[in-house]
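The residues making up each chain are set out below.
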Amino acid sequence: MTKQNVLVSEAQSAINMAITVAVSNSSIFTTAAQKPPPAHGGYFSISRNKLLKNLEINNNGGTRTNGWIDSMRASSPTHIKSTPSLTDEQSSWILHHPSALDMFEQIIAASKGKQIVMFLDYDGTLSPIVEDPDRAFMSDAMRKTVKKLARCFPTAIVSGRCRDKVYSFVRLAELYYAGSHGMDIKGPAKGSKYKKGNQGVLFQAASEFLPMIDEVYKQLVEKTMSIPGAKVENNKFCVSVHYRCVEEKKWNELALQVRSVLKEYPKLRLSSGRKVLEIRPTIKWDKGKALEFLLESLGFANCTDVFPVYIGDDKTDEDAFKILRDRGQGFGILVSKFPKDTSASYSLQEPTEVMNFLQKLVEYKRRSLRG
Ligand SMILES: O=P(O)(O)OC[C@H]1O[C@H](O[C@H]2O[C@H](CO)[C@@H](O)[C@H](O)[C@H]2O)[C@H](O)[C@@H](O)[C@@H]1O
């Protein structure tokens, strides 16, 4: 299978799993819903906002299903088509979300006179997506690049992972870390050269949920044990249920098990990522709020001379992209090979492009220091 086909197949799988979960919750499961009908193009063009809105379980454990099945039927890809040339839709998307590498000079011009602050998602941004979440290592070259970046600009890692876990992958003490989708924030363990603001910051947005998350994690492990390939990950303030290695015919069963646990916990909600179901507290805190919190901690609250850049690949990163768009400061970069609904301004295709972009930023900073 080519790399492109793997990604198309991931998009197709996401749609199918979304259908499975939503239908499992609404008890109107049909064969037609299981297999989305043909649509044009060979890539994922469904509105992710719409899809995930329809996926969300409400506080009563029920599901909002209004119109979701129709929108998925209308926009789901039918067949995996691998073509080296761009379709009209892809070209138009690229036009609206150009490559951050191609637009590098314009980006630098827009940041002139402002302090660049870097926010980096982990999975799919700094490390490639792999089957085993415990083996999502970043390359040494990427680590070196991020290390250099942090010498040039204040830098934070913002991840859905538990903070300790993402730290064990990145292993750079000079960074800020926001784990559990931003619900667990800690400043640099080692003195960063940016003395402005509060470096010793430690903030946990959902401490009271710890016992509940732990309980739910244990129940999910128990309930999904019989489903080959299912993996439950404890991310401290949230839980991930992975289905990347689950046979598609078992997705319905997995979704039903997840639902049977969640319906007892009205204070938790479900969202979806890349072949993963995410369970987290219903509190109003996300990666966007974490970004604002970090900017404030860094001493940039109400500053006009700050230029935050957020790079991420997932739905959860959209909260941060949107904050930047609303503030009219800096911008978001979506890591994706495929057109997606996004509030990001630019795109990069994969982690190696992210690394090239970060290297360019470092080179630019060094050049400007040399005068
Ligand atoms: O916010 P992020 O740093 O992007 O974390 C989001 C989730 O990433 C991880 O799962 C994803 O990457 C895995 C490794 O490549 C892959 O196997 C999985 O299918 C992806 O969904 C992580 O394991 C989750 O806990 C994070 O929530």
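Residues numbered from 1 in each chain as written. Predicted model: local features only at pLDDT ≥ 70, side-chain atom pairs only at ≥ 80, totals over all residues. Heavy atoms only, no water.

For the chain, an unreviewed UniProt entry supplies the name Trehalose 6-phosphate phosphatase and the organism Ziziphus jujuba. According to the UniProt record, the Cofactor (unreviewed entry) comment for the chain is "a divalent metal cation". According to the UniProt record, the Sequence similarities (unreviewed entry) comment for the chain reads "Belongs to the trehalose phosphatase family." (UniProt positions renumbered as here; feature names shortened; annotations may be inferred.)

(A) Up close: the pairing of strand S2 (residues 155-158). By the alternation rule, side chains of S2 split into Thr-155 and Ile-157 and Ala-156 and Val-158, which are all buried. Where strand S1 (residues 115-120) and S2 come together, 3 bridges link them in parallel fashion. What sits directly across from Met-118, in S2, is Thr-155. Assessed by its sense of winding, the connection that carries the chain from S2 through helix H8 (residues 163-170) to strand S3 (residues 176-179) is right-handed. (Buried < 20%, exposed > 50% of the residue type's maximum accessible area, 1.4 Å probe, protein only. Helix = DSSP H or I, 4+ residues; strand = E, 2+ residues; numbered from the N terminus. Pairing = 2+ DSSP bridges. Right-handed = clockwise from strand over helix to strand, strands pointing away.)

(B) Inspection of a positive patch on the surface at higher detail. Positive charge collects at one region of the surface, where Lys-144, Lys-148, Arg-151, Lys-190, Lys-360, Arg-366, Arg-367 and Arg-370 lie side by side. Residue assignment for the positive patch shows that the elements contributing at least two residues are helix H7 (140-152) and helix H13 (351-370). Here the positive patch gets 4 residues from one element, more than from any other, and that element is H13. Assignment of secondary structure puts Lys-144 in helix H7. The exposed category is assigned to Lys-144, whose relative accessible area is 55%. (Patch = residues over 30% accessible without salt bridge, like charges linked within 9 Å, V, L, I, M, F, W, Y side chains within 5 Å. Areas by Shrake-Rupley, 256 points an atom, 1.4 Å probe, with all protein chains shown as cover. Salt bridge = Lys/Arg side-chain N within 4 Å of Asp/Glu carboxyl O. Lys, Arg positive; Asp, Glu negative; His and termini not counted. Charge placed at Lys NZ, Arg CZ, Asp CG, Glu CD.)

(C) The sheet that holds S2, seen in detail. Pairing is mixed across the open sheet formed by 8 strands, whose spatial order is S5-S4-S3-S2-S1-S10-S11-S12. Every interior strand has two partners, whereas the edge strands, strand S5 (202-204) and strand S12 (346-348), have only one. The sheet shows a mean angle of 15° between the axes of neighbouring strands, taken without regard to direction. Sheet topology note: the S3/strand S4 (residues 184-186) ladder contains 3 bridges and is antiparallel. By the bridge assignment for S4, Gly-179 is matched with Asp-184. In the packing of H13 onto the sheet, the strands contacted are S1, strand S10 (306-312), strand S11 (331-335) and S12, and the crossing angle to S1 comes to about 160°. (Axes fitted to C-alpha atoms, helices over the stretch in contact; angles between N-to-C directions. Contact = heavy atoms within 4.5 Å.)

(D) Structural context of helix H11 (residues 287-297). Among all positions in H11, only Lys-287, Gly-288, Ala-290, Leu-291, Leu-294, Leu-295 and Ser-297 are buried. Capping the start of H11 is the job of one residue whose side-chain oxygen sits 2.9 Å from the backbone nitrogen of Gly-288: Asp-286. (Polar contact = N/O pair within 3.5 Å; in protein donor to acceptor, adjacent residues only side chain to side chain.)

(E) Focus on the sheet that holds strand S8 (residues 268-273). As summarised here, the arrangement of the 4 strands in space is S6-S7-S9-S8, forming an open sheet in which the pairing is antiparallel. Two strands bound the open sheet, and with one partner strand each, they are strand S6 (231-234) and S8. Each neighbouring strand pair of the sheet contributes to a mean axis angle of 20°, computed without reference to strand direction. Bridging between S6 and strand S7 (residues 239-242) involves 4 bridges; their strand directions are antiparallel. The residue of S7 that forms the bridge with Asn-234 is Val-239.

(F) Representation of the pattern of salt bridges within the structure. Tallied over the full model, the rule gives 18 salt bridges. A salt bridge links Asp-214 to Lys-218; the nearest nitrogen and oxygen atoms lie 3.5 Å apart. Placement of both Asp-214 and Lys-218 in helix H9 (residues 210-224) is noted, with a separation of 4 residues, approximately one turn of the helix. Notably, a salt bridge pairs Glu-350 with Lys-337, separated by 3.3 Å at the nearest N-O pair. Residue Glu-350 is found in the loop between S12 and H13, and its partner Lys-337 is found in the loop between S11 and S12; the two are separated by 13 residues along the sequence. Linked by salt bridges that have partners in common, Asp-123, Asp-134, Arg-161, Lys-165, Lys-231 and Glu-233 make up one network.

(G) Spotlight on the site of the ligand. Close contacts around the ligand come from 21 residues, with Val-130, Glu-233, Arg-244, Arg-274 and Lys-287 the closest. At 3.1 Å from an oxygen atom of the ligand is found a side-chain nitrogen or oxygen belonging to Asp-123. In this structure, an oxygen atom belonging to the ligand sits 3.0 Å away from a side-chain N or O atom of Ser-240. Relative to its unbound accessible area of 580 Å², the ligand is 99% covered by the protein chains. When atom positions are compared with the pocket grids, the ligand is found to occupy the largest cavity. Elements that contribute at least two residues to the shell around the ligand include exactly S7 and strand S9 (276-281). Of the residues belonging to the shell around the ligand, the class tally is 7 nonpolar, 5 polar and 9 charged. (Near = heavy atom within 4 Å. 1 Å grid on protein atoms, 1.4 Å probe; cavity = no way out; pocket = protein on both sides within 12 Å on 5 of 7 lines; lining within 4 Å. Sits in = over half its atoms within 2 Å of the grid points. Nonpolar A, V, L, I, M, F, W, Y, C, P; charged D, E, K, R; others polar.)

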